[in-house]
Amino acid sequence: MEDSPLQVLTLPTAPYPDQRPGTSGLRKKVFVFQTKRNYLHNFIQSIFSSIDLRVRQGSTMVLGGDGRYFNTAAIQVIVQMAAANGVGRLVIGQNGLMSTPAVSCVIRKSKAIGGILLTASHNPGGPDGDFGIKFNIANGGPAPEAVTEKIFQISRTIEEFAICPELRVDLNTVGKQTFDLENKFKPFTVEIVDSVESYANMLRNIFDFAALKELLSGENHIQIRLDAMNGVVGPYVKKILCEELGSPANSAINCVPQEDFGGQHPDPNLTYASDLVESMKNGQYDFGAAFDGDGDRNMILGKHGFFVSPSDSVAVIAANIFCIPYFQHMGVRGFARSMPTSAALDNVARATKIQLYETPTGWKFFGNLMDAGHLSLCGEESFGTGSDHIREKDGLWAVLAWLSILATNKKSVEEVMVEHWKTYGRNYYTRYDYEEVDIDAAVEMMLELEMIISDKAFVGQMFTVGERTFQVERADNFEYSDPVDGSISRNQGLRIMFKDGSRIIFRLSGTGSSGATIRLYIDSYENDVNKILQDPQVKLSELVTIALKLSQLHERTGRNSPTVIT
Ligand code: G1P
Ligand code: ZN
């Protein structure tokens with residue numbers, strides 16, 4: 001059949017003032033994308049326009065999403081716009097699905113110039129939920145601030161966008177589709193791929209699958225329970241953990257991706273993954289894990305629901321890093337954590353004489369260090385763990401890392417953790433989230449607090465609660481200077497550091513879509529082996545009291561307790 005070439009149009013549009021990407025892409029309520037004229041088109045055009053035409057022309061890009069509501073509608077538009085903007089080949093996950101770590105993997109494997117990820121991560125989905133768009137660069141990682149800022153500047157003055165309105169792709173069938181466009185010498189190609197396969201292949205080269213198979217289905221196998229939270233990672237869990245490593249089919253739950261995540265909040269923490277926590281309590285399972293909507297976050301639990309805090313998780317992986325064959329081959333270049341993440345990783349770095357980097361919140365800051373060969377393993381307190389095998393955090397990778405540690409040490413999760421604390425001391429840690437508070441109240445609270453802690457007299461000040469006294473050693477608004485490209489990121493969170501190493505940190509979230517979210521982080525080190533098994537909430541109560549008093553958080557926001565405590 002001889003089809004006539006598809007039309008390429010340039011259509012007029014008007015800019016929006018609010019398309020600045022946050023910690024991890026642009027996130028808005030679904031209705032914003034659906035009802036504001038060209039809201040999606042404007043942002044997508046801004047992404048394409050931010051890429052030099054010579055780089056874009058004929059290039060390969062990757063496209064995939066976490067399957068949330070509006071995913072496929074957005075993909076059709078993005079394909080039409082990619083073609084019109086000169087992209088030569090698009091690699092898309094079957095049915096429009098691809099986990100965030102898989103996108104990072106596929107960008108790297110297909111030598112793409114970047115990728116577009118349709119996800120609002122752990123934010124709820126569905127018609128009343130959130131939608132999000134993230135741009136990743138050629139290294140497979142989130143675009144750095146210079147790029148997101150350029151995208152934002154373009155979006156503020158955009159006047160037109162390019163599109164092939166008649167182009168339609170079939171997202172369901174794996175294989176190649178080609179389209180002839182008017183004014184184009186070469187056809188535009190779309191490749192629909194089974195992203196689970198290339199991702200699984202990558203993991204096979206990182207871990208010892210034979211040892212993991214023995215752990216999960218050998219003679220003395222352990223019992224695990226994995227909750228995909230109705231997010232995109234379900235098919236990956238099924239294929240890798242169940243089919244390949246032999247864990248029984250019923251050990252993985254909520255594995256069919258749903259547009260609204262089954263009405264749940266797809267965030268793997270003790271509050272939103274409480275079903276998993278409950279099902280672990282009776283001791284039937286030795287190991288449990290949950291993931292978020294796009295599969296980059298993870299929560300690790302032991303028997304009876306023993307909770308491994310994410311800050312400890314990355315420290316344990318660091319201390320046992322050679323249980324993972326990838327690091328035996330590649331060596332270990334450095335460790336990194338985001339600033340609010342507890343200093344548990346620092347203790348391992350010190351003991352092993354491996355360089356530690358402290359970066360601002362958000363995975364994008366790790367990419368430069370990895371590309372420059374300075375960083376092998378990193379993590380964030382927000383349930384993010386990963387390594388330089390890709391440039392995103394990777395939930396399934398973290399689970400296989402933990403299983404590798406269990407397989408090598410032949411110990412339970414709790415035993416591994418307690419032994420770690422005995423060796424390195426314990427960083428007691430908690431995070432309080434106050435979600436959807438009034439923006440003005442939140443901003444004002446941060447400004448006032450910054451004034452208080454910037455006062456010269458603040459350093460040296462003593463705070464006494466009950467029997468404990470803490471003396472301020474240093475306080476600032478965290479600023480990061482990237483050791484690779486020298487770029488500076490300011491205003492990354494207020495830090496109050498005490499003489500005993502304890503820290504209080506305040507930050508405003510950059511991922512919410514309505515109101516403001518205030519995060520309060522507390523980190524306090526204990527190396528007395530007789531005091532490493534206490535309840536963090538009790539242990540940290542004095543520091544919480546000091547933080548709330550100093551900030552007047554409750555008075556200013558009208559809240560009397562946090563939305564989520566981790
Ligand atoms: C949150 C987390 C941060 C993480 C990001 C994306 O950002 O705190 O560590 O990288 O989500 O998953 P925030 O809402 O705090 O800006
Ligand atoms: Zn995520």
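It should be noted that the structure appears before, not after, this text.
The rules we used
Starting afresh in each chain, residues are numbered from 1 along the sequence in its written order. All chains are assigned letters beginning with A, and all ligands numbers beginning with 1, in the order in which they are written. Where totals are concerned, whole chains, interfaces and linings use all residues; where local detail is concerned, this predicted model gives features only for residues with pLDDT of at least 70, and gives and counts side-chain atom pairs only at 80 or more. Values shown for side chains rest on all heavy atoms present in the structure; no hydrogens or waters enter the calculation. Helix and strand definitions follow DSSP, with helices as H or I runs of at least four residues and strands as E runs of at least two, each counted in order from the N terminus. For every residue, the accessible area (1.4 Å probe, protein chains only) is compared with the maximum for its type, and the residue is labelled buried under 20%, exposed over 50%, or partly exposed between those bounds. Areas reported as accessible are Shrake-Rupley estimates using a 1.4 Å probe. Residue values count occlusion only from the protein chains shown. Only buried residues count toward a nonpolar core, which is a set of Ala, Val, Leu, Ile, Met, Phe, Trp, Tyr and Cys residues joined through side-chain atoms within 4.5 Å. What a helix should span is 1.5 Å times the count of its residues minus one. As a rule, N, O and S atoms within 2.8 Å of a metal are its donors, except that Na, K and Ca use 3.2 Å; water is not among the atoms, so sites may look incomplete. Between 85 and 135 degrees for all angles marks four donors as tetrahedral; over 155 degrees for opposite donors together with 65 to 115 for all other angles marks four donors as square planar and six as octahedral; every other arrangement is irregular. By salt bridge we mean one thing: a side-chain nitrogen of Lys or Arg within 4 Å of a carboxyl oxygen of Asp or Glu. At least two bridges found by DSSP between two strands are what make those strands a pair. When the centres of two rings from Phe, Tyr and Trp lie within 6.5 Å, Trp using its six-membered ring, the rings pair. Their planes under 30 degrees apart give stacked, over 60 give edge-to-face, and anything left gives tilted. Remark: a charge is flagged as sitting over a ring if the NZ atom of Lys or the CZ atom of Arg is within 6 Å of the ring centre and within 35 degrees of the ring normal.

### Details of the overall build of the chain
Looking only at helices and strands, the chain has 20 helices and 27 strands in total. In terms of its C-alpha atoms, the chain occupies a principal-axis envelope of roughly 85 × 60 × 40 Å. Burial status across the chain gives 59% buried among its 566 residues. For the chain, the exposed area adds up to about 22,200 Å²; of that, 49% sits on carbon and sulfur atoms.

### With respect to the nonpolar core
By size, the foremost hydrophobic cluster in this structure holds 78 residues, and its most contacted members are L241, F287, W397 and L403. Counting residues per element, this core draws most heavily on helix α15 (residues 395-409), which supplies 11 residues.

### A closer look at helix α4 (residues 71-84)
Spanning 14 residues, α4 covers 20 Å between terminal C-alpha atoms, matching the ideal 20 Å at 1.5 Å per step. Of all 14 residues in α4, 11 are buried, a share of seventy percent or more. Within α4, the full set of buried residues consists of N71, A74, I75, V77, I78, V79, Q80, M81, A82, A83 and A84. A positive phi of about 95 degrees marks G86, the residue just after α4.

### Here we look at the coordination of the zinc ion (ligand 2)
Those donors, S121 (OG), D292 (OD), D294 (OD) and D296 (OD), are the protein atoms that reach the zinc ion (ligand 2), and they lie 2.0 to 2.1 Å from it. Angles of 86 to 165 degrees at the metal separate the four donor atoms of the zinc ion (ligand 2), which places the site in the irregular class. Each donor residue of the zinc ion (ligand 2) belongs to the same chain, and together they define the spacing S-x170-D-x1-D-x1-D. One end of the pair, S121, is in the loop between β5 (114-118) and β6 (130-137); the other, D292, is in the loop between β12 (287-291) and β13 (298-302), and 171 residues separate them in sequence. Comparing S121 with D292 shows no difference in burial state: the two are buried.

### Topic: the pattern of salt bridges
Going through the model one piece at a time under the given rule, you end up with 32 salt bridges. For E191, the salt bridge identified is with R89, shortest N-O distance 2.8 Å. In this pair, E191 sits in strand β9 (residues 188-193) while R89 sits in strand β4 (residues 89-97), placing the two residues 102 residues apart along the sequence. E191 sits in the buried class, given a relative accessible area of 18%. Note that D267 is salt-bridged to R297, the shortest N-O span being 3.2 Å. Of the two residues, D267 sits in the loop between β11 (252-253) and α10 (274-280) while R297 sits in the loop between β12 and β13, which places them 30 residues apart along the sequence.

### A short note on the pairing of strand β18 (residues 384-387)
A two-sided burial pattern is seen for β18, the buried positions comprising G384 and G386 on one face and T385 and S387 on the other. In terms of strand pairing, strand β17 (residues 377-380) meets β18 through four bridges, oriented antiparallel. Across the sheet, G379 pairs through a bridge with T385, a residue of β18. In this structure, the hairpin formed by β17 and β18 is closed by a connection of three residues, where F383 is found at a positive phi of approximately 70 degrees.

### With respect to unusual backbone geometry
In this structure, N38 is a non-glycine residue whose phi angle is positive, near 60 degrees. Mapped onto the elements of the fold, N38 is located in the loop between α1 (30-35) and α2 (39-50). At N491, a position not held by glycine, the phi torsion is positive, near 60 degrees. In this structure N491 comes out as exposed when scored by relative accessible area, which is 59%.

### Comments concerning the packing of aromatic side chains
The geometry of an aromatic ring pair comes down to the distance between the two centres and the angle between the two planes. What the rule picks out here adds up to 16 aromatic pairs. Aromatic side chains F179 and F188 sit 6.3 Å apart centroid to centroid with 40 degrees between the ring planes, which places their arrangement in the tilted category. With a relative accessible area of 0%, F188 lands in the buried category. Ring centres of F463 and F498 lie 6.5 Å apart, and the angle between their planes is 90 degrees; on these two criteria the pair is classed as edge-to-face. A residue pair is termed long-range when its members are at least 10 positions apart, and F463 in strand β20 (residues 462-465) and F498 in strand β24 (residues 494-498) qualify at 35 residues. With respect to burial, F463 and F498 carry one shared label: buried. Three or more aromatic residues link up through ring pairs in this structure, and these residues are Y16, F33, Y39, F70 and F131. Its guanidinium or amino end placed over the ring of W421, R426 lies 3.8 Å from that ring's centre, counting from NZ or CZ.

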